[in-house]
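# Reading the structure
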Amino acid sequence: MLDGGKLSGKEAHEEHKHMQNEKDTIAVQTKNDAYEDFKNRISMPGKLQKLTAEEINNLRKQGRI
C-alpha cells in the first residue's frame, strides 16, 4: 500500500481479482446447491405406486433393492 491508505494500480488490480474469485466461488456453490435441491425435488414421487411381485423380483435381481 502506498502512503495514505490508497492502493497502487497493481495492488488494486490484485485486490479486484481476489474479490472476483470469491464472488465466483460463492456463485458456483449457490448454483450447485440449487441444482441439488432441484434433483431432490424431481426425484420425489408425486404418487407412490405399489410394485408387483414380478417387479420386486426384477429389482432384486438387478441389485437395486
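These numbers come from a predicted model, not from an experiment.

Across its full length, the protein chain holds two helices and zero strands. Every one of the 65 residues in the protein chain was classed for burial, and the buried ones make up 2%. Entry remark: accessible area of the protein chain is about 6,400 Å², with carbon and sulfur atoms responsible for 54%.

The next subject is the pattern of salt bridges. Under the definition given, this model contains one salt bridge. Notably, a salt bridge pairs Lys 39 with Glu 36, separated by 3.4 Å at the nearest N-O pair. Linking Lys 39 with Glu 36, this pair stays in helix 1 (residues 9–43), spanning three residues, or about one helical turn.

A few words now on helix 2 (residues 53–62). It helps to recall that an α-helix has 3.6 residues per turn; residues three or four apart then point in one direction. A small share of helix 2 lies buried, amounting to one of its 10 residues. Phi for Gly 63, located one or two positions after helix 2, is positive at around 80°.

There is a patch of nonpolar side chains on the surface, built from Tyr 35, Phe 38 and Ile 42 and spanning about 330 Å² of accessible area. Counting through the fold element by element, Phe 38 comes out in helix 1.

What counts as what
Residues numbered from 1 in each chain as written. Predicted model: local features only at pLDDT ≥ 70, side-chain atom pairs only at ≥ 80, totals over all residues. Heavy atoms only, no water. Helix = DSSP H or I, 4+ residues; strand = E, 2+ residues; numbered from the N terminus. Buried < 20%, exposed > 50% of the residue type's maximum accessible area, 1.4 Å probe, protein only. Areas by Shrake-Rupley, 256 points an atom, 1.4 Å probe, with all protein chains shown as cover. Salt bridge = Lys/Arg side-chain N within 4 Å of Asp/Glu carboxyl O. Patch = residues over 30% accessible without salt bridge, like charges linked within 9 Å, V, L, I, M, F, W, Y side chains within 5 Å.

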